[in-house]
Amino acid sequence: GIGKCVALELARRNARTILACRSQKRGQATLEEIRVATGNPSVLLRLLDTSSMASVRAFAQAVLRHEERLDVLVNNAGVTGLPFAITPEGLEQTFATNYLGHFLLTNLLLG
């Protein structure tokens, strides 16, 4: 999708690129595909589920701890057409995934 295309283009431009993915398996496959296509070894995978505020907080802490700087943040994750569901944190899943997680992540990374 759009996120993969953006990550591929950033890696082509030799940017250190962090793939934030829910699935380790799918994320690893994408990481390898981008590294092969671009020759850029600085493509990393970090797990992130934007429907979980705990996951968002853990991801942000890891980025702040391990990265010297962050120049660009692309908030791209989203879902649609899911049946109504409440996350373990008591949030409506689609709203948490598409809005609240992105808002929290951005604010945590701003410092």
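Residues numbered from 1 in each chain as written. Predicted model: local features only at pLDDT ≥ 70, side-chain atom pairs only at ≥ 80, totals over all residues. Heavy atoms only, no water.

If you look the chain up in an unreviewed UniProt entry, it shows as RDH12 dehydrogenase from Rhinopomastus cyanomelas.

### Things to note about the overall build of the chain
Check the secondary structure of the chain and you find 4 helices and 2 strands. Secondary structure elements of the chain, listed N to C terminal, follow the sequence α-β-α-β-α-α. Taking 2.2 N^0.38 as the reference for a compact globule, 111 residues should give roughly 13 Å; the C-alpha atoms of the chain span a radius of gyration of 14 Å, in line with that estimate. Taking the principal axes of the C-alpha coordinates as reference, the chain spans close to 40 × 30 × 20 Å. Out of the 111 residues in the chain, the part that is buried amounts to 32%. The contacts in the chain between residues at least 6 apart in sequence include a share of 63% that link residues at least 24 apart. Of the accessible surface of the chain, which amounts to about 7,300 Å², a share of 56% is contributed by carbon and sulfur atoms. (Helix = DSSP H or I, 4+ residues; strand = E, 2+ residues; numbered from the N terminus. Rg over C-alpha atoms; globule rule 2.2 N^0.38 Å. Buried < 20%, exposed > 50% of the residue type's maximum accessible area, 1.4 Å probe, protein only. Contact = heavy atoms within 4.5 Å. Areas by Shrake-Rupley, 256 points an atom, 1.4 Å probe, with all protein chains shown as cover.)

### Concerning the pairing of strand E1 (residues 17–21)
Going residue by residue along E1, you find Thr17, Leu19 and Cys21 tucked away on one face and Ile18 and Ala20 left uncovered on the opposite face. Direction of pairing for E1 relative to strand E2 (residues 43–47): parallel, over a ladder of 5 bridges. Within E2, the residue paired with threonine 17 across the bridge is valine 43. Handedness of the β-α-β unit built from E1, helix H2 (residues 24–38) and E2 comes out right-handed. (Pairing = 2+ DSSP bridges. Right-handed = clockwise from strand over helix to strand, strands pointing away.)

### Observations concerning the state of the cysteines
Here a disulfide denotes one covalent bond, and it connects the sulfur atoms of two cysteines. Across all of its chains, the model carries 0 disulfides by this definition. Sulfur of cysteine 21: no disulfide; nearest cysteine sulfur belongs to cysteine 5 and is 14 Å away. (Disulfide = S-S within 2.5 Å.)

### As for the packing of aromatic side chains
On inspection of all chains with the given rule, the structure shows 1 aromatic pair. Geometrically, the ring pair formed by phenylalanine 95 and tyrosine 99 is tilted, given 5.6 Å between the ring centres and 40 degrees between the ring planes. Of this pair, phenylalanine 95 and tyrosine 99 both sit in helix H4 (residues 93–110), 4 residues apart, which is roughly one turn of the helix. Taking relative accessible area as the criterion, phenylalanine 95 reaches 43% and is therefore assigned partly exposed. (Phe/Tyr/Trp six-rings, centres within 6.5 Å; stacked < 30°, edge-to-face > 60°.)

### Some details on the environment of glutamine 24
By the secondary structure assignment, glutamine 24 is in helix H2. Put simply, glutamine 24 and leucine 10 are 14 residues apart on the chain and 21 Å apart in space, counted from C-alpha to C-alpha.

### Quick look at H4
Note: α-helices contain 3.6 residues per turn, so residues at a spacing of three or four share the same orientation. For H4, which comprises 18 residues, the first-to-last C-alpha distance of 24 Å matches the rise-based estimate of 26 Å (1.5 Å per residue) to within 8%. Within H4, the axis deviates most sharply at leucine 100, by approximately 35 degrees. All buried positions along H4 are accounted for by Ala96, Thr97, Asn98, Gly101, His102, Leu104, Leu105 and Leu109. Against helix H3 (53–66) lie the buried residues of H4. Phi turns positive, to about 85 degrees, at glycine 111, one or two residues after H4. (Expected span 1.5 Å × (residues − 1). Bend = angle between axes of the 7 residues up to and from the residue.)

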